[in-house]
Number of protein chains: 2
Amino acid sequence: MAIPHPIPDPLAQMIAERFKVLGEPMRIRILDHLRDGPRAVGVLADELGTSQQNVSKHLGLLHGAGLVRRERRGNAVLYEIADQGVFDMCEHVCGGLERHLAELQSLVTGEVAP
Amino acid sequence: MAIPHPIPDPLAQMIAERFKVLGEPMRIRILDHLRDGPRAVGVLADELGTSQQNVSKHLGLLHGAGLVRRERRGNAVLYEIADQGVFDMCEHVCGGLERHLAELQSLVTGEVAP
DNA sequence: CAACTTGACAACTAATTGGTTGATCAGTAC
DNA sequence: GTACTGATCAACCAATTAGTTGTCAAGTTG
């Protein structure tokens, strides 16, 4: 899978949209909690220490982006990860973070990056 | 590199921060243009059809996140990609987009996703 | 020196959005 | 049927931010 280059404008828009969905700590935490398995909205709200409405809103966004799946169970609604690739992305981000922080570190210690 | 689980709150914050920087079409386009090599701010502004101040602002953010490198050359300032991994991330996003769109497509055609 | 070029910063406006509050809808139990 | 629980929807407020305008700093040229 290769990205066309130059990136067409609408594609840049879609890519940014995707990143924007992930650009919110609460949503990262929600996804992280869903790693352990499907969760009802209320359960997530308890675990995350925020309101049910708030979690529902974020889940709606994640669902719209196709990152989570929804399933009605009784009168509860279970959400689960729909795209495991998200965590690969997070690891990628963490890798970038580490490189960046290492670079800043080297500025402090005065060493030259290898 | 494995992400700790559950993700500590500050890490979720940092991850989200990173995603947020990429969650803007103009910045995606800037990074894409930098793929062809270093660029001066004014040149980018021309290529992207926006103001020099706007590009400078976005580049400042990208630089703060360690995604681009800055180098003074004469009275121009050249920017270049500092973390090639960004494009891997974009490809990852595109992959997720394709999966999501394919799923939506199957809803329209009535087929069952394999 | 002055004139010009290039980029960065500050202040402002308009739009977006995270979170709250209150109402509404779907499903269960009685 | 009514009462209760759990989730979504709608309206609102506060905070963030993309983009513009104006100004300033650094560097070059004459």
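Keep in mind that what you see is a predicted model, and the values were worked out from it rather than measured.

Engineer: Tell me what's going on with the sheet that holds strand β3 (residues 76-81) of chain A, and back it up with residues and numbers.
Structural biologist: Residue and element names in this part refer to chain A. Judged by pairing direction, the sheet is antiparallel, and its three strands sit side by side in the order β1-β3-β2 without closing on themselves. Here the strands that pair on one side only, and so sit at the sheet edges, are β1 (39-40) and β2 (68-73). Where β1 meets β3, two bridges bridge the pair, whose relative direction is antiparallel. When the bridges of β3 are listed, R39 appears paired with Y79.

Engineer: Outline helix α5 (residues 85-109) of chain B, listing residues and values.
Structural biologist: Helix length check: α5(B), at 25 residues, gives a terminal C-alpha distance of 36 Å against a target of 36 Å (1.5 Å per residue), a fit within 8%. Residues of α5(B) that are buried: G85(B), V86(B), F87(B), M89(B), C90(B), V93(B), C94(B), G95(B), G96(B), L97(B), H100(B) and S106(B). Along its buried surface, α5(B) packs onto α1 (9-22), α4 (52-64) and α5 (85-109) of chain A together with α1 (9-22), α2 (25-34) and β3 (76-81) of chain B.

Engineer: Can you explain the packing of aromatic side chains? Please cite residues and give values.
Structural biologist: By convention here, two paired aromatic rings are described through the distance between centres and the angle between planes. Taken as a whole, this structure holds one aromatic pair over all chains when the rule is applied. Directly above the aromatic system of F87(A) lies the positively charged group of R35(A), at a separation of 4.3 Å from the ring centroid.

Engineer: Describe the pairing of β3(B), naming the residues involved and giving the relevant values.
Structural biologist: Residues and elements named next belong to chain B. For strand β2 (residues 68-73) and β3, the ladder comprises six bridges, and the chain directions are antiparallel. Bridging across to β3, V68 finds its partner in I81. Hairpin connection, β2 to β3: the antiparallel pair is bridged by two residues, and G74 has positive phi, about 65°.

Engineer: Help me get a handle on the protein's contact with DNA strand C, residues and values and all.
Structural biologist: Close to DNA strand C lie 25 residues, the nearest being K57(A), H58(A), G42(B), S56(B) and Y79(B). Considering DNA strand C, the proportion of its atoms within 4 Å of the protein that are sugar or phosphate atoms stands at 66%. A distance of 3.1 Å is found between a base oxygen of DNA strand C and a side-chain nitrogen or oxygen belonging to Q53(A). Within the side chain of S56(B), an N or O atom sits 2.8 Å from a phosphate oxygen of DNA strand C. Looking at the surface near DNA strand C, the element that brings in the most residues is α4(A), giving five residues. A per-class count over the surface near DNA strand C returns six nonpolar, 12 polar and seven charged.

Engineer: Explain the sheet that holds strand β1 (residues 39-40) of chain B to me, using residue names and the numbers behind them.
Structural biologist: Pairing between the strands of a sheet comes from backbone hydrogen bonds, and it takes one of two forms, parallel or antiparallel. Residue and element names in this part refer to chain B. Spatially, three strands are ordered β1-β3-β2 in an open sheet, and the strand pairing comes out antiparallel. The strands lining the two open edges of the sheet, one partner per strand, are β1 and β2. Sheet strands touched by α2: β1, β2 and β3. Its angle to β3, the strand with the most contacts, is close to 90°.

Basis of the calculations
Residues numbered from 1 in each chain as written. Chains lettered and ligands numbered in written order. Predicted model: local features only at pLDDT ≥ 70, side-chain atom pairs only at ≥ 80, totals over all residues. Heavy atoms only, no water. Pairing = 2+ DSSP bridges. Helix = DSSP H or I, 4+ residues; strand = E, 2+ residues; numbered from the N terminus. Expected span 1.5 Å × (residues − 1). Buried < 20%, exposed > 50% of the residue type's maximum accessible area, 1.4 Å probe, protein only. Contact = heavy atoms within 4.5 Å. Phe/Tyr/Trp six-rings, centres within 6.5 Å; stacked < 30°, edge-to-face > 60°. Lys NZ or Arg CZ within 6 Å of the ring centre and 35° of its normal. Near = heavy atom within 4 Å. Polar contact = N/O pair within 3.5 Å; in protein donor to acceptor, adjacent residues only side chain to side chain. Nonpolar A, V, L, I, M, F, W, Y, C, P; charged D, E, K, R; others polar. Axes fitted to C-alpha atoms, helices over the stretch in contact; angles between N-to-C directions.

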